[in-house]
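# Structural characterization, general
Here's the letter readout for the chains.
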Amino acid sequence: MRQPKKIIERKPENTRRLIGYLASSFDDYIASRTLFNHNMLVQACCLANTSFEKYFKAFVDLKGNTIKAKHNLEKLLPTLKDFDIELYNNLNIGFLQELTKIYDTRYVGDCPKGYNFAILRNKYLAELDYTYSLIEPKIRYSMKGKEIRDTSYEHYFKTKNPLLWKNNYVLNNISKTKFIESLDYVEELRVYELNGELFEVKYHTEDSKNDGIFNIEGFKPTGNDHKSFKLSHLAYQEKKE
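Since the structure is predicted, the reported quantities are computational estimates derived from the model, not experimental observations.

Scoring rules and cut-offs
Residues numbered from 1 in each chain as written. Predicted model: local features only at pLDDT ≥ 70, side-chain atom pairs only at ≥ 80, totals over all residues. Heavy atoms only, no water. Salt bridge = Lys/Arg side-chain N within 4 Å of Asp/Glu carboxyl O. Helix = DSSP H or I, 4+ residues; strand = E, 2+ residues; numbered from the N terminus. Buried < 20%, exposed > 50% of the residue type's maximum accessible area, 1.4 Å probe, protein only. Contact = heavy atoms within 4.5 Å. Phe/Tyr/Trp six-rings, centres within 6.5 Å; stacked < 30°, edge-to-face > 60°. Lys NZ or Arg CZ within 6 Å of the ring centre and 35° of its normal. Polar contact = N/O pair within 3.5 Å; in protein donor to acceptor, adjacent residues only side chain to side chain. Pairing = 2+ DSSP bridges. Axes fitted to C-alpha atoms, helices over the stretch in contact; angles between N-to-C directions.

### Looking at the pattern of salt bridges
Going through the model one piece at a time under the given rule, you end up with 14 salt bridges. Here Arg 33 and Asp 129 are joined by a salt bridge, their closest N and O atoms 2.8 Å apart. On the criterion of sequence distance, the pair formed by Arg 33 in helix α1 (residues 16–37) and Asp 129 in helix α6 (residues 121–135) is long-range, its members being 96 residues apart. Given the relative accessible area of 0%, Arg 33 is considered buried. Among the residues examined, Asp 129 registers a relative accessible area of 1% and is labelled buried. When the shortest N-O distance is used, the salt bridge between Glu 217 and Arg 190 registers 3.0 Å. Of this pair, Glu 217 sits in the loop between β5 (198–205) and β6 (220–222) while Arg 190 sits in strand β4 (residues 184–191), and the two are 27 residues apart along the sequence. By relative accessible area, which is 35% here, Glu 217 ends up partly exposed.

Shown next as structure tokens:
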């Protein structure tokens with residue numbers, strides 16, 4: 001387990017909001033992991049977005065700044081960069097940007113023509129766990145000098161809670177590349193440019209790569225007949241006996 005570099009000392013009346021951000025962030029993180037592990041990828045991304053949003057807002061709160069951004073992780077990054085430049089430099093900004101983009105599917109009917117994405121379960125789950133493992137140790141708090149108790153993350157870690165440990169390449173000491181490039185599950189969506197019709201497809205693939213790229217075009221139209229589309233990855237074909 002990573003240990004926090006510093007402890008935040010705050011008055012009790014100034015700590016309630018901070019505790020709320022951290023607790024809710026962890027709950028959303030665990031819920032996101034659960035959804036990824038059950039192939040509900042869009043919903044998992046939405047909760048991943050709110051998990052990081054709340055933790056980043058905790059950084060904003062500690063800096064004493066006013067929180068203006070809502071649900072847009074990119075707008076919260078300047079404060080994060082100011083709070084801990086080393087942490088900022090270790091984040092995959094493209095991943096965070098894509099989470100915010102996918103969050104818009106809460107109201108998919110309002111998404112513009114051409115809106116699209118491709119989500120790969122293992123790739124997104126791996127980056128979720130990696131990112132949370134970086135930010136989680138950054139904030140600890142104490143009130144009136146009392147001993148700091150384990151955070152929920154630390155408790156789940158010590159008790160081997162499967163909600164945290166299942167398919168967590170970081171905690172299970174698995175190669176990130178091996179985890180991502182194993183058989184994966186993909187969900188793609190596109191609001192078709194021609195008529196605004198919604199297209200979705202779900203499939204398995206062995207074509208995923210640990211390349212750090214998350215802005216992947218989903219269900220891309222090909223040709224001029226407006227009838228042909230290309231998947232972002234090669235679909236897995238089961239071997240027949």
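We are not done yet, so read on.
### Observations regarding unusual backbone geometry
Glycine aside, negative phi is the norm for most residues, and most peptide bonds take the trans geometry. Despite not being glycine, Asn 167 shows a phi value in the positive range, around 55°. If you trace the backbone, Asn 167 turns up in the loop between α8 (162–165) and α9 (176–180). A positive phi angle, near 50°, is found at Phe 219, a position not held by glycine.

### Side note on the side chain of Glu 127
Inspection of the secondary structure puts Glu 127 in helix α6. For Glu 127, a relative accessible area of 5% corresponds to the buried category. In this view, Glu 127 contacts Asn 92, Phe 95, Lys 176 and Phe 214; residues no more than four positions away in its chain are not counted.

### Re the packing of aromatic side chains
Counted under the stated rule, the structure contains 25 aromatic pairs. Where Phe 56 meets Phe 59, the ring centres are 6.4 Å apart and the plane angle is 25°; that geometry is what we call stacked. Note that Phe 56 and Phe 59 are positioned in helix α2 (residues 41–63) at a spacing of 3 residues, about one turn of the helix. Taken together, a centroid distance of 5.0 Å and an interplanar angle of 55° make the contact between Phe 95 and Phe 214 tilted. Separated by 119 residues along the polypeptide, Phe 95 in helix α5 (residues 93–103) and Phe 214 in the loop between β5 and β6 bring together distant segments of the chain. On the basis of relative accessible area, Phe 95 is assigned to the buried category, the value being 1%. Here Lys 176 stacks its cationic end above the ring of Tyr 130, 4.7 Å away from the centre of that ring.

### Quick notes on helix α3 (residues 73–83)
Here α3 has its buried residues at Leu 73, Leu 76, Leu 77, Thr 79, Leu 80 and Phe 83. Where α3 is buried, its residues contact α2, α4 (85–89) and α5. Taking the backbone nitrogen of Glu 74 as reference, a side-chain oxygen 3.1 Å away marks Asn 72 as the first, capping residue of α3.

### Describing the sheet that holds β4
Read from one edge to the other, the open sheet built from 3 strands follows the order β2-β4-β5, with strand pairing classed as antiparallel. The open sheet has two edge strands, β2 (116–120) and β5, and neither has a second partner. Direction aside, the axes of adjacent strands within the sheet are offset by 10° on average. Relative to β5, β4 runs antiparallel, the two being bridged by 8 bridges. Its bridge partner lying in β5, Glu 187 is registered against Lys 202.

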